[in-house]
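# A structural walkthrough
One-letter residues, chain by chain:
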Amino acid sequence: MFTILIMKTFLPQKYPLKKYKTSAKSLETLAHIANQLPMLLLTGTVQKPIQSLSVNALSLVKVINNNDQRELKLAMAHLSFIAHAYIWGGTNPEKILPEVIAKPWVKVSKILGRPPILSYGSYCLDNWYRPNPKEETFFSFSSRSICSIFSTPFFPMITGTPA
């Protein structure tokens, strides 16, 4: 008799979140900007909505207090994409990252034990979902954003076993 162990290997045991469970205006703003990045990058207007924010507009206080690892990783992914898009998304690279992004990014980075950069963990491992939970296919929901930022033909398709 044989036993077959089904596992997701390098993928997290729990699926990454697509939305915050915690309700806060700052998280709504963070998610809205992150979701608008492809259009903001296309039009070269990434800096404008960020520069109009108050210093604490992207506060992660509620997420940090809840200490939900999946929410922290979602915030890390959002802030990482936004920060890199802010720096590289204009005609010329920006030299200074505004405090509204830098402050929460550094906080969540320290909690997760990651540097404040757009890392593989943020753009790939913590950034996928199952379009149909009954099927075995996974893919990164921001791969097109990655391509916009890095001009890389990277559209990962991972076929796995049912979780």
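Along every chain, residues carry numbers that run from 1 in the direction the sequence is written. Local features in a predicted model are, by the rule used here, given only for residues with pLDDT of at least 70; side-chain atom pairs are given and counted only at 80 or more, and totals for whole chains, interfaces and linings are based on all residues. Only heavy atoms go into the side-chain values, all of them from the structure, while hydrogens and water stay out.

### A few points about the overall build of the protein
Strands are runs of DSSP state E lasting at least 2 residues, helices are runs of H or I lasting at least 4, and numbering of each runs from the N terminus. Scanning the protein for helices and strands turns up seven helices and three strands. In sequence order, the protein lays out its α and β elements as α-α-α-α-α-α-β-β-α-β. Within the protein, buried positions represent 42% of all 163 residues. Across the protein, contacts joining residues at least 24 apart in sequence account for 64% of those joining residues at least 6 apart. Accessible surface, the protein as shown: approximately 9,700 Å² in total, 59% of it carbon and sulfur. Classification of residues uses two cut-offs on accessible area relative to the type maximum, computed with a 1.4 Å probe and protein chains only: under 20% is buried, over 50% is exposed, and between them is partly exposed. Residues are treated as being in contact if the distance between any of their heavy atoms lies within 4.5 Å. Surface exposure here means Shrake-Rupley accessible area, sampled with a 1.4 Å probe, where a residue is shielded only by the protein chains that are shown.

### Describing the confidence of the model for the protein
A score from 0 to 100, pLDDT tells how confident the predictor is in each residue. Put simply, the protein has an average pLDDT of 78, and 66% of its residues get 70 or more. Within the protein, the lowest mean pLDDT, 40, falls on strand E3 (residues 157–159), and the highest, 96, falls on helix H5 (residues 99–112). Below pLDDT 50 for its whole length, residues 142–163 participates in 45 contacts with residues either more than four positions away or in separate chains.

### Some remarks on the environment of His 78
With respect to the helices and strands, His 78 occurs in helix H4 (residues 69–88). For the pair formed by His 78 and Leu 118, sequence separation is 40 residues and the distance between their alpha carbons is 9.5 Å. Among residues more than four places away in sequence, those in contact with His 78 are Tyr 20, Leu 30, Ala 31 and Ala 34.

### A look at unusual backbone geometry
One non-glycine residue with positive phi stands out, namely Asn 67, at about 55 degrees. On the accessibility criterion, Asn 67 (48% relative accessible area) is partly exposed.

### Some details on H4
With 20 residues, H4 extends 28 Å from end C-alpha to end C-alpha; this agrees with the ideal 28 Å at 1.5 Å per step. Across the 20 residues of H4, 16 count as buried, placing the element largely inside the fold. Contacts described as polar in this section are N or O atom pairs within 3.5 Å, which, within protein, must combine one atom able to donate a hydrogen with one able to accept it, while residues neighboring in sequence count only if both atoms come from side chains. The N-capping residue of H4, defined by a side-chain oxygen 2.9 Å from the backbone nitrogen of Arg 70, is Asp 68. In a helix, the anticipated span is given by 1.5 Å times the number of residues less one.

### Comments concerning the pattern of salt bridges
One side chain can pair with another of opposite charge once the charged atoms of both are near each other. Should a side-chain nitrogen of Lys or Arg be within 4 Å of a carboxyl oxygen of Asp or Glu, the pair is scored as a salt bridge. Counted according to the given criterion, the structure contains one salt bridge. For Asp 68, the salt bridge goes to Lys 21, with nearest N and O atoms at 2.5 Å. With a gap of 47 residues between them, Asp 68 in the loop between helix H3 (61–66) and H4 and Lys 21 in the segment before helix H1 (25–43) connect regions that are remote in the sequence. Using a relative accessible area of 17% as the deciding quantity, one classes Asp 68 as buried.

### Let's talk about the nonpolar core
Grouping buried Ala, Val, Leu, Ile, Met, Phe, Trp, Tyr and Cys residues that are joined through side-chain atoms within 4.5 Å yields what is termed a nonpolar core. Of all hydrophobic cores here, the largest spans 34 residues; its most connected members are Tyr 20, Leu 30, Val 46, Ile 50, Leu 79, Ile 82 and Ile 101. At the level of elements, H1, H4 and H5 are the ones that each hand at least two residues to this core. Per element, the largest residue contribution to this core is 11 residues, and it comes from H4.

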